[in-house]
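Here is what each chain is made of, one letter per residue.
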Amino acid sequence: MNSITAAKKFARRRNIVELTAAVAIGIALSQLVSAIVDGVIIPLFGGAGLDTPWRTILGYVIAVPITVLGVYIIVVRPLNRRHARANTPAADRDLHV
């Protein structure tokens, strides 16, 4: 097997595709949440007067949990449901529909 064939086989594995999608969604969601935190949330609570290092830390403290929650809701839960459905025998799936 040559390198290109091996690379294609590796890329087609389900876990790699899901991981790539999760990373891409996480990056996009992180940028969106950071913009909202910096532009809306911090000024609402009077954070505009904070020194730059403290403002940055406060922004990350607010943005990271929101990003993690968003990735969990958008990526992890649907994938877990899909895996559970795929691993359920056909007879059991018919009963739960």
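Residues numbered from 1 in each chain as written. Predicted model: local features only at pLDDT ≥ 70, side-chain atom pairs only at ≥ 80, totals over all residues. Heavy atoms only, no water.

**Comments concerning the overall build of the protein chain**
Then comes step 1: A tally of helices and strands in the protein chain yields 4 helices and 0 strands.
Then comes step 2: Starting at the N terminus and walking to the C terminus, you meet the elements of the protein chain as α-α-α-α.
Then comes step 3: Considering only intrachain contacts with a sequence separation of at least 6, the fraction spanning at least 24 residues in the protein chain is 54%.
Then comes step 4: When the accessible surface of the protein chain is summed, it comes to about 7500 Å², and 67% of that surface belongs to carbon and sulfur atoms. (Helix = DSSP H or I, 4+ residues; strand = E, 2+ residues; numbered from the N terminus. Contact = heavy atoms within 4.5 Å. Areas by Shrake-Rupley, 256 points an atom, 1.4 Å probe, with all protein chains shown as cover.)

**Comments concerning the environment of L50**
Then comes step 1: Tracing the backbone through its elements, the reader meets L50 in the loop between helix 2 (14-44) and helix 3 (52-87).
Then comes step 2: Discounting chain neighbours no more than four positions away, the residues touching L50 are R55 and L58.

**Some words on the side chain of T67**
Then comes step 1: Here T67 lies in helix 3.
Then comes step 2: Setting aside residues up to four positions removed in sequence, T67 forms contacts with G26, L29, S30 and V33.

**A short note on helix 3**
Then comes step 1: Look at helix 3: 50 Å from first C-alpha to last across 36 residues, which is about the 52 Å you get at 1.5 Å a residue.
Then comes step 2: Along helix 3, the sharpest kink reaches roughly 40 degrees, centred on Y72.
Then comes step 3: When we look at burial in helix 3, the residues that qualify are G59, A63, T67, G70, V71, V75, L79 and H83. (Expected span 1.5 Å × (residues − 1). Bend = angle between axes of the 7 residues up to and from the residue. Buried < 20%, exposed > 50% of the residue type's maximum accessible area, 1.4 Å probe, protein only.)

**Notes on the environment of V23**
Then comes step 1: Along the chain, V23 turns up in helix 2.
Then comes step 2: With 48 residues separating them along the chain, V23 and V71 place their C-alpha atoms 9.0 Å apart.

**As for the nonpolar core**
Note on soluble globular proteins: their nonpolar side chains tend to be buried together.
Then comes step 1: Counting 9 residues, the largest nonpolar core is built from A22, L29, V33, V37, I42, A63, V71, V75 and L79.
Then comes step 2: Secondary-structure elements contributing two or more residues to this core are helix 2 and helix 3.
Then comes step 3: No other element matches helix 2, which puts 5 residues into this core. (Core = buried A, V, L, I, M, F, W, Y, C linked by side-chain atoms within 4.5 Å.)

In short, geometric facts, not functional conclusions.
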